[in-house]
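Here's the letter readout for the chains.
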Amino acid sequence: MGAAVKRIYVREEVCMGCGLCRVYCQTEHSRSKDIYKAFKREMPLPQSRLRVERKGDVCFAVQCRHCDEPWCVYSCLTGAMRKDPVTGIVTSDSEKCIGCWTCLIACPNGALVKDRNNKIVAKCDFCPGQEMPVCVANCPNEALVIAETDDES
Amino acid sequence: MKTKYLIIGNSAGGIAAAEAIREVDKKGALVIVSDEAHHTYSRPLISKYLSGERHKEGILFRPASFYEDNNITCLTGERVDQLGIKEGSARLENGQTIGWQKLLLATGGKPIMPRMKGMDKRGVFNFITLNDAVEIDGYLERVKRAVVIGGGLIGTSATEALVKRGIAVTVVEMKDRMLNTLLDEATSRLAETAVEKAGVSIITGHTVAEVLGRGTVCGAVLDDGHEIACEMVVVAIGVFPRVELTQGTEIEINRGIVVDKYMATNVAGVYACGDAAEAYDFVYGSGRLVSIWPNAYVGGRTAGYNMAGKKMEYAGGTAMNSINYFGLDIVTAGLVMPADVSGHEVFTKQNDSVYQRVVVKENHIVGMAFIGDIERSGIVFGLMRDRVDISGIKEQLLADDFGLAHLPPELWRERLAVPAGARTVTSQEEVEEDYSSE
Ligand SMILES: Cc1cc2nc3c(=O)[nH]c(=O)nc-3n(C[C@H](O)[C@H](O)[C@H](O)COP(=O)(O)OP(=O)(O)OC[C@H]3O[C@@H](n4cnc5c(N)ncnc54)[C@H](O)[C@@H]3O)c2cc1C
């Protein structure tokens, strides 16, 4: 009630489509946390959990919106996908997920990715342990921002 | 026993309702009754249990402490056998009576049993409950060959589990192709190819007329007299709403329990959801039976809010499935194969590993089937669910690079852009409100 909710948003008008957010995301979700190894050495190869959408001159990064009405959570067959009642962050429990992909079709933003290695879903986890999600922290043009809104629910 | 909320059914619909009630009302007494003697589990995952990929604990839908954490009394292994609507009561089979103020019927479905000879033999099973899976598992050591009756979603999932256990399976499907209610022809054929590749025999256009055996199954005879030797028969021709509790009450039923947009029945204080109910299907524009987990959850959640006094409308659902048995990657939703295509536009794309089909009516998506590349299918389904007029982007839906950027800008801006009044923080510092960016 009235708690501030933090989310990642995009200022599309200043996004250059450079894709550095993807690079940092992939690195953050690697075992080594080393850019070079995360792209060229690690087996299995880690994956970025966000996409850069493009059409003509328009481009912007899209990661899980951690929706107020999370269709992925409602659709999850196994109970792996949960929304934290306090932070509102939506996470998928890799132990429970079976990779049935029902959440993929449920997500209106196409923001979930298939983890090619484990055949389970991978998604934005807000970079636990980091002060700020790495895509935001390393966006050279401040096109990705964190914004706080007051949770009205 | 007296309770404020009584939920009958401990599965997708019942749990969703309980969670929604607890969001609104932390204290009101809440009782869940289920005749299955298990903690809430994921019904679709019984195939993973049978295949040996998951233990019972691995298919629990919520953590072991769920009921305790949420202050819920869960009576498992107890069946409600009569409702007293006027008195607000429910009688358990063991004679106990529970008084309730709000009631949810999340009673799900029961297997449809075909009328054929020999159904009472040992070795004939359903595949709906965890107990079914446990019983099949216990019987498997004497089984080399099995016949699965029904080539729908449940039959396919049973077949995959049995194949993983080394059983030779024959699927007998009455219609001309497997998964015919969910997929269009092209997609069904691709699915059948994958199933056959795994060593399964598929017989379409026939039914089983008789199960053979003296006491124990030793074969099945098809309607054309053809005989198949087998030690087990799994009946998987579908589920039908479990509505027996409404008998002798005023609760209106059609095929399932009739509900309004609040998931309320015609009787005040009584709600229904999931496989037992006919919730609103936005593709058909009316209440309809759609037996899928997500709709049971969303319907149950809606019911729970309304039971606890917070008004909420069911957003509407439609058939929506991801089918990934036998290495397939198929998602389908809505009306994939309209009976009458006039008035519909059908867009398809096909290449080596990808098949996509979108069915459009009056500039709204009403059906879709994607095979292979399914990661972006949610964007298309989202347009369908939100009833977005797609006249401007119809031709791009199946473009290779189709994504959010192809949607009308107001749509993605609303989802991605900083909301008005929000305080923003970037990597460097607080952003000034006015950032010139042209
Ligand atoms: C093998 C299999 C695979 C499936 N795969 C998928 C899939 O991939 N995707 C998908 O979306 N859906 C799938 N489904 C369908 C999905 O499981 C159902 O749509 C969903 O379980 C419906 O939930 P529900 O809460 O309405 O009812 P149910 O899950 O049927 O639960 C109802 C419960 O109520 C209990 N009950 C009923 N009457 C009483 C009574 N009088 N007293 C006490 N208890 C009672 C029942 O015993 C049952 O435990 C699958 C189903 C099966 C069987």
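Residues numbered from 1 in each chain as written. Chains lettered and ligands numbered in written order. Predicted model: local features only at pLDDT ≥ 70, side-chain atom pairs only at ≥ 80, totals over all residues. Heavy atoms only, no water.

The next thing to look at is the site of the ligand. All names here are of chain B. What surrounds the ligand is a group of 34 residues, the closest being Ser11, Asp35, Glu36, Arg43 and Asp275. With respect to the ligand, the side chain of Asp275 contributes an N or O atom lying 2.8 Å from an oxygen atom. In the complex, the protein chains occlude 96% of the 1,000 Å² of accessible area that the ligand would expose alone. Of all the elements in the fold, those that place two or more residues in the shell around the ligand are α1 (12-24), β2 (30-34), α5 (153-164) and α7 (293-307). (Near = heavy atom within 4 Å. Polar contact = N/O pair within 3.5 Å; in protein donor to acceptor, adjacent residues only side chain to side chain. Areas by Shrake-Rupley, 256 points an atom, 1.4 Å probe, with all protein chains shown as cover. Helix = DSSP H or I, 4+ residues; strand = E, 2+ residues; numbered from the N terminus.)

Below, the discussion takes up the nonpolar core. Residues and elements named next belong to chain B. Formed by 130 residues in total, the largest nonpolar core has its most connected members in Leu105 and Leu383. Once residues within four sequence positions are removed from consideration, Leu383 is found in contact with Ile365, Val388, Ile390, Ile393, Leu397, Phe402, Leu407 and Leu411. Phe125, Ala133, Ala161 and Ile167 belong to the second-largest nonpolar core, a separate cluster that totals 40 residues. (Core = buried A, V, L, I, M, F, W, Y, C linked by side-chain atoms within 4.5 Å. Buried < 20%, exposed > 50% of the residue type's maximum accessible area, 1.4 Å probe, protein only. Contact = heavy atoms within 4.5 Å.)

Turning our eyes to something else, we now look at empty space enclosed by the protein. Residues and elements named next belong to chain A. By the definition in use, this model includes 6 cavities of 30 Å³ or more. The volume enclosed by the largest cavity comes to roughly 130 Å³. Cys15, Cys18, Cys21, Cys139 and Ala143 are, among the 19 residues lining the largest cavity, the residues nearest its centre. Those elements that provide at least two residues to the lining of the largest cavity are α1 (20-28) and β3 (58-62). (1 Å grid on protein atoms, 1.4 Å probe; cavity = no way out; pocket = protein on both sides within 12 Å on 5 of 7 lines; lining within 4 Å. Points joined across faces, edges and corners; volume = space filled by probe spheres on them.)

With that settled, consider the domain arrangement of chain B. Residues and elements named next belong to chain B. Domains assigned within chain B are domain 1 (2-109 + 241-307), domain 2 (113-237) and domain 3 (330-437). Overall, the association of domain 1 and domain 2 removes approximately 1,300 Å² of surface from exposure, summing both partners, and the carbon and sulfur fraction of that is 68%. On the domain 1 side of the contact with domain 2, Ile46, Tyr49 and Leu50 bury the most area, a combined 47% of that side's loss. Our count for the domain 1 to domain 2 interface comes out at 1 salt bridge. Measuring nitrogen to oxygen at the nearest pair gives 3.0 Å for the salt bridge that ties Lys164 to Glu53. The tally of links from domain 1 across to domain 2 stands at 5 residue pairs in polar contact (both at pLDDT 80 or more). For the side of domain 1 that touches domain 2, the per-class residue count stands at 5 nonpolar, 3 polar and 5 charged. (Domains from an automatic or database assignment. Buried area = accessible area lost by both parts, 1.4 Å probe. Salt bridge = Lys/Arg side-chain N within 4 Å of Asp/Glu carboxyl O. Nonpolar A, V, L, I, M, F, W, Y, C, P; charged D, E, K, R; others polar.)

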